[in-house]
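Examining the three-dimensional arrangement
Residue-level listing of the chains:
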Amino acid sequence: MSFGLSKIDFEIGPATREAFGEALAEAGSDERIVVVDGDVNNSTFTNAFMDRFPQRFFNTGIAESNMVGIASGLAAAGKIPVAASFSTFLMSNAFDQIRMSVAFPNLNVKLVGTHAGISIGEDGPSQMAIEDIALACALPGFTVVVPADGASTRAATFAMLEREGPTFLRCGRPKVPVIYRDEDPLQLGRANQLREGDDITIIASGIMVAMALDAAEALREEGVEARVLDMHTVKPIDVAAIETAANETRGIVVAEEHLAYGGLGATVAMVTAERRATRMAFVNVGDTYATSGKPDELLVQYGLTPQAIADAARRVLKD
Amino acid sequence: MPDTHQEDKEALARRARRIRSHIVSATTAAGSGHPSSSLSLVELATVLYFGGHLRYDPARPDDPDRDRFILSKGHAAPGLYAVLAEAGYFPTEQLKDLRKLGSPLEGHPNMCRLPGVEASTGSLGQGLSIGIGHALALRLDGLDARVYVLVGDGESEEGQIWEAAMYAGNHGLDNLTLIIDRNGYQQTDAVDRIQPLDPLDEKLHAFGFATRVIDGHSLDEVDEAFSWARSVGGQPQAIIARTIKGKGVALLEAKQGGWHGKPIPPDEETRALEEIGAGA
């Protein structure tokens, strides 16, 4: 996959789901950690944990509602359950169980949704989670994390397991550009500023972070300095970083692999509307389901490219 | 170490009458709630908590060794609260605050606000899965505590109940007992006219449960069923308890199909309490 990148020659690293699975297996020496799986462990990479800690791994079959309920009981009994499946089957199929058995009782369940977004490609829209961030953000008390690459997913996985409380971690299917080194810090709720700039700010999550950096490089050629924030934690959002960006730059572009409604863009706009109104533009899937196709083709078709981000920035600056 | 609480049969009968009167008084005071759905489970819960079966200690509600009772049909919260108050988790005087602003005795159980409540329920179908989570955790930790989940018969129309039943049966969770409060009615009509469940015992048997059908208002049969459940090895147990919705109050028993989610009117309360005979 190229992700439409043309300005920066990124090394391609592991998929975020893969990095999650490896980190989970490493963290598994903590005996409180248990894993429930909707029979997709070789897709979510929880099989690495399964191989090392089979007694703490429960494949509950193709039954996500029951899977989440079991995770709830395990958490109530003091375990740290990680429930992993394809993000749309987890968040959409089991939403009532997540609401009622996890969010409402505020239990320490870690939900990990993989194969999020349209970049899964050929399997098509039934498998693409593009509402999952909105669903997760709608749940009181939830932490919602959308990491950009392998190293940050690894750090996010450890942070998620250490932090008490219900969490949704969103991972993707394809191998993705390397943005971080393994030792780079990641603090949940605190955006990472990856690039300085005082003309405009690009706030991105997931696979859109690499594209934002690429877009920033293209904008520099036009004399525009773009600040790039990796907003890996959508909830609780880093209010200070957004307010500072609104104060110090002339506008904000928000890029995410998700529907227009209820995701990172809406959350950032809520902050600017209250703290410091600024011109904004949004790069996302819009208000539609996608189709089958090659991942790169779909990203172009649905406007998730560095070019789309740069164009959005130009529109903001023109106003 | 949590322990069982063993009362003799006469004391159990008295306990059941008190729990019934709490249910009636609390819901009438609240002006809403589900007394009829609560009254059907009284003997089941009374024998579990006071007949020497459930191991618990109200002073240590989070003790990892405790047995768990999960009320999956959360709308029977007044029944659960009455039992918990009688068991000493909080003063019985608090029952009059049912459903009031600020009270932890919410319309449906909220485990974050009331000790002794093992699961927040009220969206039907979820308690058995939660019970499985507890049962697996107990197994992992090598604890011999048990998990009891009470499910309504109407609630058993939820698909998640059968996802959970399949899992519990396939994994031989013998520390898990499913109690079905088979009161025969759901919100608008009889279960048999909406979505007949029979042969329920055969269905659960096919899912891997050891099953037993009992009269859920007979203290002896309930007591015997819980003892039987503990003796079963290698598979979860289902106690299908035939009960009467509104049991103990003539007004409700007469209108089983037409009295879901409604309290007894204040002018009928005295008569209902007399019928229950809590003072006796």
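Scroll up to find the structure.
For clarity, every value in this text was computed on a predicted model and none was experimentally measured.

**Let's talk about the overall build of chain B**
- Across its full length, chain B carries eleven helices and five strands.
- Relative to the compact-globule value of 19 Å for 280 residues, chain B shows a C-alpha radius of gyration of 17 Å, a close match.
- Scored against the burial criterion, the 280 residues of chain B give a buried share of 54%.
- Counting contacts in chain B only where the partners sit at least 6 residues apart, residues at least 24 apart contribute 76% of the total.

**Some thoughts on the interface of chain B and chain A**
- Opposite the 21 residues of chain B that make contact, chain A presents 24 residues.
- When contributions to the side of chain B that touches chain A are tallied by element, the ones reaching two or more residues are α5 (127–140) and α6 (159–170) of chain B.
- Considering only residue class, the side of chain B that touches chain A consists of twelve nonpolar, eight polar and one charged.

**Re the environment of A:Phe3**
- With respect to the helices, strands and loops of the structure, A:Phe3 is situated in the segment before β1 (12–15).
- When the C-alpha positions of A:Phe3 and A:Ala77 are compared, they lie 43 Å apart, and in sequence the two are 74 residues distant.

**A few points about the nonpolar core**
Residues and elements named next belong to chain A.
- The biggest cluster of nonpolar side chains holds 197 residues, and the ones touching the most others in it are Ile 202, Ala 212, Val 253, Ile 309 and Ala 313.
- Among the elements that take part in this core, helix α9 (residues 208–220) stands out by supplying ten residues, more than any other.
- In terms of domain composition, this core takes at least three residues from each of domain 1 (12–177) and domain 2 (192–318).
- Once you skip the residues sitting within four places of it in the chain, Ala 212 turns out to touch Ile 202, Ala 204, Val 228, Ala 255 and Ile 309.

**Details of the sheet that holds strand β6 (residues 143–145) of chain A**
Residue and element names in this part refer to chain A.
- Read from one edge to the other, the open sheet built from seven strands follows the order β3-β2-β4-β5-β7-β6-β12, with strand pairing classed as mixed. Single-partner strands in this sheet number two, and they are β3 (57–59) and β12 (233–235). Adjacent strand axes in the sheet meet at a mean angle of 20 degrees when their direction is disregarded.
- Note that strand β4 (residues 80–86) and strand β5 (residues 110–114) share five bridges and pair parallel. Considered in β5, the bridge of Phe 86 is made with Thr 114.
- Sheet strands touched by helix α8 (residues 150–162): β2 (33–37), β4, β5, β6 and β7 (167–170). Its angle to β7, the strand with the most contacts, is close to 170 degrees.

**Topic: the sheet that holds strand β10 (residues 200–204) of chain A**
All names here are of chain A.
- One open sheet holds the five strands; their spatial order is β9-β11-β10-β13-β14, and the pairing between them is mixed. Of all the strands in the sheet, the pair left with one neighbour each is β9 (192–195) and β14 (279–283). When strand polarity is set aside, the average angle formed by the axes of neighbouring strands in this sheet is 25 degrees.
- Where β10 and strand β11 (residues 226–230) come together, five bridges link them in parallel fashion. Bridging across to β11, Thr 201 finds its partner in Arg 227.
- On the sheet, helix α11 (residues 264–275) packs against β10, β13 (251–255) and β14 and is oriented at approximately 155 degrees with respect to β13.
- Contacts between helix α13 (residues 306–318) and the sheet are confined to β10, β11, β13 and β14, with β14 contributing the most and set at about 160 degrees to the helix.

**Observations regarding the pairing of β2(A)**
Residues and elements named next belong to chain A.
- The element β2 is extensively covered by neighbouring structure, given that four of its five residues are classed as buried.
- With five bridges connecting them, β2 and β4 associate as parallel partners. Its bridge partner being in β4, Asp 37 is matched across the sheet by Ala 84.
- Judged from the three bridges that link them, β2 and β3 form a sheet pairing that is parallel. If you follow Val 35 over to β3, its bridge partner there is Phe 57.

**Comments concerning the pairing of strand β1 (residues 68–71) of chain B**
Residue and element names in this part refer to chain B.
- What you see with β1 is no split at all: Arg 68 and Ile 70 on one side and Phe 69 and Leu 71 on the other are buried throughout.
- Here β1 runs beside strand β2 (residues 147–152); their pairing, made up of four bridges, is parallel. Looking at β2, one finds that Leu 71 is bridged to Leu 150.

**A word on unusual backbone geometry**
- A cis amide bond links A:Lys235 to the next residue, A:Pro236, at an omega of 0 degrees.
- Within the secondary structure, A:Pro236 is located in the loop between β12 and α10 (239–248).
- Cis peptide bonds are those with omega within 30 degrees of zero, and the linkage from B:Asp198 to B:Pro199 qualifies with 0 degrees.
- Within the secondary structure, B:Pro199 sits in the loop between α7 (191–194) and α8 (200–206).
- Of note, A:Phe45 is a non-glycine position whose phi angle comes to about 65 degrees, a positive value.
- Counting through the fold element by element, A:Phe45 comes out in the loop between α2 (41–44) and α3 (47–52).
- For A:Phe45, a count of 26 C-beta atoms within 10 Å gives the class buried.

Reading guide: rules and limits
Residues numbered from 1 in each chain as written. Chains lettered and ligands numbered in written order. Predicted model: local features only at pLDDT ≥ 70, side-chain atom pairs only at ≥ 80, totals over all residues. Helix = DSSP H or I, 4+ residues; strand = E, 2+ residues; numbered from the N terminus. Rg over C-alpha atoms; globule rule 2.2 N^0.38 Å. Buried ≥ 20, exposed ≤ 12 C-beta atoms within 10 Å, placed from the backbone. Contact = placed C-beta atoms within 7 Å. Nonpolar A, V, L, I, M, F, W, Y, C, P; charged D, E, K, R; others polar. Core = buried A, V, L, I, M, F, W, Y, C linked by C-beta atoms within 7 Å. Domains from an automatic or database assignment. Pairing = 2+ DSSP bridges. Axes fitted to C-alpha atoms, helices over the stretch in contact; angles between N-to-C directions.

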